[in-house]
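Structural features, examined
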Protein chains: 2
Amino acid sequence: VNRAAWRGRRVLVTAGPTREPLDPVRYLSNASSGKTGYAVAEAARRLGARVTLVSGPTALKAPAGVRLVPVMTAREMLAACLKTLPSTDLVIGAAAVADWRPATLSRTKMKKGRGAPVIKLVPNPDVLKALAARRRKGKPVTAGFALETSSLLANARRKMREKGLDLIVANGPEALNGDRTRAVLLTRDGRSHPYAGPKAGLAAKILSTAEAFL
Amino acid sequence: VNRAAWRGRRVLVTAGPTREPLDPVRYLSNASSGKTGYAVAEAARRLGARVTLVSGPTALKAPAGVRLVPVMTAREMLAACLKTLPSTDLVIGAAAVADWRPATLSRTKMKKGRGAPVIKLVPNPDVLKALAARRRKGKPVTAGFALETSSLLANARRKMREKGLDLIVANGPEALNGDRTRAVLLTRDGRSHPYAGPKAGLAAKILSTAEAFL
């Protein structure tokens, strides 16, 4: 890592799941712990970057020196990221953004005994794709994650291309919890870098790989 | 509180939300923090009871001296409670058990781009009602919670009757997070006791009210 390349750089990290409400108490979400995103934010801060962490609900504390913007839904996450984007040098989308949300939000708690409801879903905005689509001359550098339960590398490469990313981290659902993880980092120039170890180590690996595109 | 009434008593507390999976990463859940249930477990332990805490996923540590049984789904919670029930003197159902679960569980992560899915739900077992239905001669004493966004006391009284409970704690969604809460304790003899303050105080109030039925 070249520390001089990071000093004062503005890094935007998304982390955690999003929660998509059905009613005042129920929601749709996923098992993301936020650990990888928080580790990336902390590692970037330690390299001297100015870090904004837009995070869905997690049990984690924001790393010291990082600006935390807490959000709940995918749409809130997108809005928060768009505010920060114009001055951003590097985006790392580690959040597990819900792909869909319930089509309707009940203002009162849905009652039992009226038959089992059917939840109609509608697509959420693809946060990282929306951010990548606003790039000008390849800036900001944009990295994402692909969580796949089948055809890991093929699905990850397709996502990198479709979303227009510089780098994608491919991993399986075993990455969601725990402190260790396994992943393969793929870059748009066709290289791949496998990783296995603690999430803090993966964070450092992501940053050193992204540095080449800064 | 009469401490002699609690010494060695077996208390079963449920706490937290349940998570009902749609696929390996997505789930349906609710915003219960588990704080009230954990506070009840700790208060009962301090009174000298032998406490089993059957808990859905929370960010909390189990209180010292309490036996923690971690579960994910409503069906796992029911199974864990049924194992402990025969030797139980008091059940306090503070968990926000999901009323429904997705009718089908996808073994691989549902993919985007095949249209927005519709989630069919099926009813979950009513954990507390199932436990109360197995009572013999009024044992174990059984207490529950009613989280309502409308007609609070009427809905809570109906739940107490339908589920066959000795005591029900009626509260609104503002009870789900934070350390303070507002509630009304209703007992099967028709009394009501309002409470406002920290969750630890509500826990003590629930136990002192339940003591009359032990």
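Residues numbered from 1 in each chain as written. Chains lettered and ligands numbered in written order. Predicted model: local features only at pLDDT ≥ 70, side-chain atom pairs only at ≥ 80, totals over all residues. Heavy atoms only, no water.

1. Regarding the overall build of chain A
Looking only at helices and strands, one finds five helices and twelve strands in chain A. Computed over its C-alpha atoms, the radius of gyration of chain A comes to 17 Å, within 12% of the 17 Å expected for a compact globule of 214 residues. Referenced to the eigenvectors of the C-alpha coordinate spread, the extents of chain A come out at roughly 60 × 35 × 35 Å. When each of the 214 residues of chain A is scored for burial, the buried share is 54%. Taking all contacts inside chain A whose residues are at least 6 apart in sequence as the whole, residues at least 24 apart take part in 61%. Element-wise, carbon and sulfur atoms account for 50% of the exposed surface of chain A, whose accessible area totals about 9800 Å². (Helix = DSSP H or I, 4+ residues; strand = E, 2+ residues; numbered from the N terminus. Rg over C-alpha atoms; globule rule 2.2 N^0.38 Å. Buried < 20%, exposed > 50% of the residue type's maximum accessible area, 1.4 Å probe, protein only. Contact = heavy atoms within 4.5 Å. Areas by Shrake-Rupley, 256 points an atom, 1.4 Å probe, with all protein chains shown as cover.)

2. Details of the interface of chain A and chain B
In many reports, interface size means the accessible area that the parts give up when they come together. Across the boundary between the two partners, chain A contributes 37 residues, which contact 37 residues of chain B. Taking both sides of the interface into account, the surface hidden between chain A and chain B amounts to around 3200 Å²; carbon and sulfur atoms contribute 59%. Between chain A and chain B we count two salt bridges in total. For Asp99 of chain A, the salt bridge identified is with Arg26 of chain B, shortest N-O distance 2.3 Å. Linking chain A with chain B are 15 residue pairs in polar contact (both at pLDDT 80 or more). Counting only elements with at least two residues in the side of chain A that touches chain B, the list comes to strand E3 (26–30), strand E8 (118–123) and helix H4 (152–163) of chain A. Per-element tally for the side of chain A that touches chain B: the top contributor is E8 of chain A, with six residues. Within the side of chain A that touches chain B, the residues separate by chemical class into 19 nonpolar, six polar and twelve charged. Relative to strand E3 (residues 26–30) of chain B, E3 of chain A runs antiparallel, the two sharing five bridges. Following the sheet pairing, Ser29 of chain A is matched in E3 of chain B by Tyr27 of chain B. (Buried area = accessible area lost by both parts, 1.4 Å probe. Salt bridge = Lys/Arg side-chain N within 4 Å of Asp/Glu carboxyl O. Polar contact = N/O pair within 3.5 Å; in protein donor to acceptor, adjacent residues only side chain to side chain. Nonpolar A, V, L, I, M, F, W, Y, C, P; charged D, E, K, R; others polar. Pairing = 2+ DSSP bridges.)

3. Things to note about the confidence of the model for chain A
On average, residues of chain A score 94 in pLDDT, and 100% of them are at 70 or above. Here the predicted complex scores 0.89 on pTM and 0.88 on ipTM. (pLDDT = per-residue confidence, 0-100.)

4. Focus: the sheet that holds strand E4 (residues 50–55) of chain B
Residues and elements named next belong to chain B. Across the sheet, which stays open at both edges, the eight strands sit in the order E5-E4-E1-E6-E9-E10-E11-E12 with mixed pairing between neighbours. Strand pairing shows two members of the sheet lacking a second neighbour, strand E5 (67–70) and strand E12 (192–198), which therefore form its edges. Sheet twist, expressed as the mean angle between neighbouring strand axes with direction ignored, is 20 degrees. As paired strands, strand E1 (residues 10–15) and strand E6 (residues 90–93) are joined by four bridges and run parallel to one another. By the bridge assignment, Val13 is partnered in E6 with Ile92. In the packing of helix H4 (residues 152–163) onto the sheet, the strands contacted are strand E9 (141–147), strand E10 (167–171) and strand E11 (180–187), and the crossing angle to E10 comes to about 155 degrees. (Axes fitted to C-alpha atoms, helices over the stretch in contact; angles between N-to-C directions.)

5. Some thoughts on the packing of helix H1 (residues 35–46) of chain B against helix H5 (residues 199–211) of chain B
Residues and elements named next belong to chain B. Two elements in contact, H1 and H5, have axes whose closest approach is 8 Å; the angle formed by their N-to-C orientations is 55 degrees. On the basis of the axis angle, H1 is oblique to H5. In this structure, H1 crosses over H5, and the sense of that crossing is right-handed. Between H1 and H5, the residues in contact are Lys35, Thr36, Ala39, Val40, Ala43 and Ala44 and Lys199, Ala200, Leu202, Ala203, Ile206 and Leu207, respectively. When its residues are assigned to classes, the contact of H1 with H5 shows nine nonpolar, one polar and two charged. (Parallel < 35°, antiparallel > 145°, perpendicular 65-115°, else oblique. Left-handed = near helix turned anticlockwise from the far one by under 90°.)

6. Things to note about unusual backbone geometry
All names here are of chain A. A cis amide bond, omega -5 degrees, links Lys139 with the succeeding residue Pro140. Residue position: Pro140 is located in the loop between helix H3 (127–133) and strand E9 (141–147). The backbone phi angle of Ser151 is positive, close to 45 degrees, even though this residue is not glycine. For Ser151, the location among the structural elements is in the loop between E9 and H4.

7. Notes on the relation of the copies chain A and chain B
You can overlay chain A on chain B at an RMSD of 0.0 Å; the transform is a turn of 180 degrees with a shift of 0.0 Å along its axis. On the angle and the small slide along the axis, the relation comes out as a two-fold axis. Looking at chain A, 100% of its interface residues are interface residues in chain B too, so the copies touch through the same face. (Least-squares fit on C-alpha atoms with pLDDT ≥ 70 in both.)

8. Things to note about the sheet that holds strand E6 (residues 90–93) of chain A
All names here are of chain A. Strand order in the open sheet made by the eight strands is E5-E4-E1-E6-E9-E10-E11-E12, with mixed pairing throughout. With partners counted over all chains shown, the strands left at the sheet margins are strand E5 (67–70) and strand E12 (192–198), one partner each. Taken over all neighbouring pairs, the strand axes of this sheet differ in orientation by 20 degrees on average, direction set aside. With six bridges connecting them, strand E1 (residues 10–15) and strand E4 (residues 50–55) associate as parallel partners.

9. Concerning H5 of chain B
All names here are of chain B. Helix length check: H5 (13 residues) gives 18 Å between terminal C-alpha atoms against 18 Å at 1.5 Å per residue, within 8%. Every buried residue of H5 is accounted for by Lys199, Leu202, Ala203, Ile206, Leu207, Thr209, Ala210 and Glu211. The inward-facing, buried residues of H5 abut H1, E6, E9, E10, E11 and E12. (Expected span 1.5 Å × (residues − 1).)

10. A closer look at the pattern of salt bridges
For the coordinates displayed, the defined rule picks out 20 salt bridges over all chains. In this structure, Arg158 of chain A engages Glu162 of chain A in a salt bridge whose closest nitrogen and oxygen atoms are separated by 3.5 Å. Of the two residues, Arg158 of chain A and Glu162 of chain A are both situated in helix H4; the distance of four residues between them amounts to about one turn of the helix. Connected through shared salt-bridge partners, Asp23 and Arg26 of chain A together with Asp99 of chain B make up one network.

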